[in-house]
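For reference, the chains in residue letters:
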Amino acid sequence: MTQTLAPPSPPRPTVRKVAEPPARRTRTFTRPLQYLALLGYMVFLGFPLLFLLSTSLKTPRELRSTDSSFLPEKLNWDNFGNAVEKANLAQAAGNSLYVAALTTVIVTVISLPAAYALARFRTKLRGVATVWILLSQVFPFILIVIPVFLVLKQVGLVNNPLGLVLVYTVWCLPFALWMLRGYVAAIPVDLEEAGAIDGAGRLRVLRSIVLPLLAPGLVATSLFTFISSWNEFFFALVLIQDPGLQTLPLTLARFFGAEGQVQLGQLAAASLLATIPSLVFFLIIQRRLTSGLMSGAVKG
Amino acid sequence: MTAVAAPARRRRRRGDGRDAWLLVLPALVPVVLVSVYPLAQGILLGFTDARAGLNQAVHVNGVDNYTRLLGNELFWSSFRIGLIWAFGVTILQFLASLGLALLLNLNLRLRWLARTLALVPWAMPPVVIAIMWRMMLNPTYGPVNDAMRTLGLPGDINWLGDFSTALPAVIVVGVWAGMPQTTVTLLAGLQNVSPELHEAAAIDGAGAWQRFWHVTMPALRPVAVAITSLDLIWNFNSFALVFVLTSGGPGGETMLPALFAYNEAFKYGNFGYAAAMGNVMVIVIAAFLFVYLRGQARSRES
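Residues numbered from 1 in each chain as written. Chains lettered and ligands numbered in written order. Predicted model: local features only at pLDDT ≥ 70, side-chain atom pairs only at ≥ 80, totals over all residues.

Visitor: Would you take a moment to explain the overall build of chain B for this structure?
Guide: For chain B, the count of helices and strands is 12 helices and 0 strands. Secondary structure elements of chain B, listed N to C terminal, follow the sequence α-α-α-α-α-α-α-α-α-α-α-α. Taken over C-alpha atoms, the radius of gyration comes to 24 Å for chain B, far larger than the 19 Å a tight globule of 302 residues would show. Overall size of chain B, expressed as C-alpha extent along the three principal axes, is 75 × 75 × 30 Å. (Helix = DSSP H or I, 4+ residues; strand = E, 2+ residues; numbered from the N terminus. Rg over C-alpha atoms; globule rule 2.2 N^0.38 Å.)

The structure is reproduced here in structure tokens:
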């Protein structure tokens, strides 16, 4: 894996007028190597996905035969229908949707004012919040999950989607706050002051100036929260036992253990179906996510 | 953002402190209830003999858990595996992501496709990643063994079931799963590298490797330090991927500390003992975090 490092970037600033002869000389043989390296990465990253897709479209007979080709003989969608039925995917997806959507709403509503305060006011809170955001990454889940389990058990929130929502809210909050604070900090304070000078009240400034500018950041943050809770496994494993309340990752893991090893096509189909929502969301926000992460990181 | 001292801002200043608290309050309440309080309790639990089950009397037993842990060879072997896993994944991830980020920073064709592919693992649930790779690595129908056979290599390796290959195989999957965050961060860091410096170095006759080492790397260092340290923490604490891939097997060969503590707590019901393991893990991570913060502070100074 390391040899792909070999061709370091030649100076190819995208639109700058550079006419340096040394780089042009080397490019003739570095370019093919770079493409070769890129191809290697694409195979490593992309092939498992193609394999999953092709497996999901194969018939059980094709999967059993040892010399079947990589591509399925014909597109066979039966696995998807069977997987939904057998693994109880619809119910699990409903549970996941409920938990993830509720978490997203709560996280967005409570992190918006907090992110604004952390970005705009210079109080001790900022330092405390930064330390907490860092610390929350450090502590292993096991330390938190045992007491949380005990507490939630006392108030009847174990085996209850709402308990999961509560845990996910706190679990997603550091990152959401971090991202959102970056977006708020990127909005020039001058704009708010201009609004204030023009006679707009505090709330008016927030609603008419800050919120519209923050909309892309809010979308990115909330989608990220949604994906995180949609994909989460560990807390769900500890807090949910009732099969009827299981979220998608739990159901998949259980299906995998039960009969998925035999019904490969269905397992692949179920895995793909579980990935689609977050994949779609992710492709929508990928650009914003990158910029949001970086503005959050840089403006510390 | 820091050096603004406009009159309008100064006028507001008096109310700032209380306003800030009010705005943060809705976030603070759940955090204290579900994060700070349980965390404090979890740390304390590590000094008790708490067990699962109703009406179990809990006694504070001081450092008993830790003296017991000292003699628990299984735990230390799991700890060793956890460190190999965390460092292995983090280092390989960094090297692979750095190479990919450098390539993505060039004007290559198909760059958009590689960029999208590099992000996909981020969107996938760890459970799905694990299921997918278990299929990939399956000894009979897995395409990895197929490829080995085509190349004339032994094609009957039980990657996840064999003592010698299980940990390396799991590490490769960990690299695959964690590449997006690292690549994206490094790519963003690369965009801060000044092209002028590169040009100047090229005009002065620096080769590609020299420019990478003396221009790109110093500019990338703060970002690289930050992401590798975060990766190390995330990897050391990671659970779902390996839980589904191997559940710690074969014979505990991939038993990460998080898995070990989970089993101790929820399989055997030894809450106090498991929390003690968590405390030991925190101390190790905190030591790494200390190095990370100090490293960052130093690079900022220079």
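Visitor: How should I be thinking about the nonpolar core in this particular structure?
Guide: In a soluble, globular protein the nonpolar side chains are often hidden away together inside. The biggest cluster of nonpolar side chains holds 164 residues, and the ones touching the most others in it are Ile142, Val167, Leu252 and Ala270 of chain A together with Ile131 and Val244 of chain B. At 18 residues, the largest contribution of residues to this core is made by helix H7 (residues 161-185) of chain A. Each residue touching Ile142 of chain A, except ones within four places of it in the same chain, is listed here: Ala258, Ala261, Tyr262, Ala265, Ala274 and Gly278 of chain B. (Core = buried A, V, L, I, M, F, W, Y, C linked by C-beta atoms within 7 Å. Buried ≥ 20, exposed ≤ 12 C-beta atoms within 10 Å, placed from the backbone. Contact = placed C-beta atoms within 7 Å.)

Visitor: What am I meant to see in the interface of chain A and chain B here?
Guide: Often the size quoted for an interface is simply the accessible area lost on bringing the parts together. Across the boundary between the two partners, chain A contributes 84 residues, which contact 87 residues of chain B. The residue inventory of the side of chain A that touches chain B, partitioned by class, reads 60 nonpolar, 19 polar and 5 charged. (Nonpolar A, V, L, I, M, F, W, Y, C, P; charged D, E, K, R; others polar.)

Visitor: Even after reading the chapter, I still don't get the environment of Ala90 of chain A, so can you show me in this structure?
Guide: Among the secondary structure elements, Ala90 of chain A is positioned in helix H4 (residues 89-120). In the structure, Ala90 of chain A is positioned 153 residues away from Pro243 of chain A in sequence and 13 Å away in space, judged by C-alpha atoms.

Visitor: In this structure, what is going on with the packing of H4 of chain A against helix H9 (residues 202-231) of chain A? I would like to understand it.
Guide: Working note: a packed helix pair is described by the angle between its axes plus the distance between those axes. All names here are of chain A. Here H4 crosses H9 at 140°, and the two axes come no closer than 8 Å. In this structure, H4 meets H9 at a crossing whose hand is right-handed. On H9, the residues that touch Ser96, Val99, Ala100, Thr103, Thr104, Val107 and Thr108 of H4 are Leu218, Thr221, Ser222, Thr225, Phe226, Ser229 and Trp230. Of the residues contributing to the contact of H4 with H9, the split by class is 6 nonpolar, 8 polar and no charged. (Axes fitted to C-alpha atoms, helices over the stretch in contact; angles between N-to-C directions. Left-handed = near helix turned anticlockwise from the far one by under 90°.)

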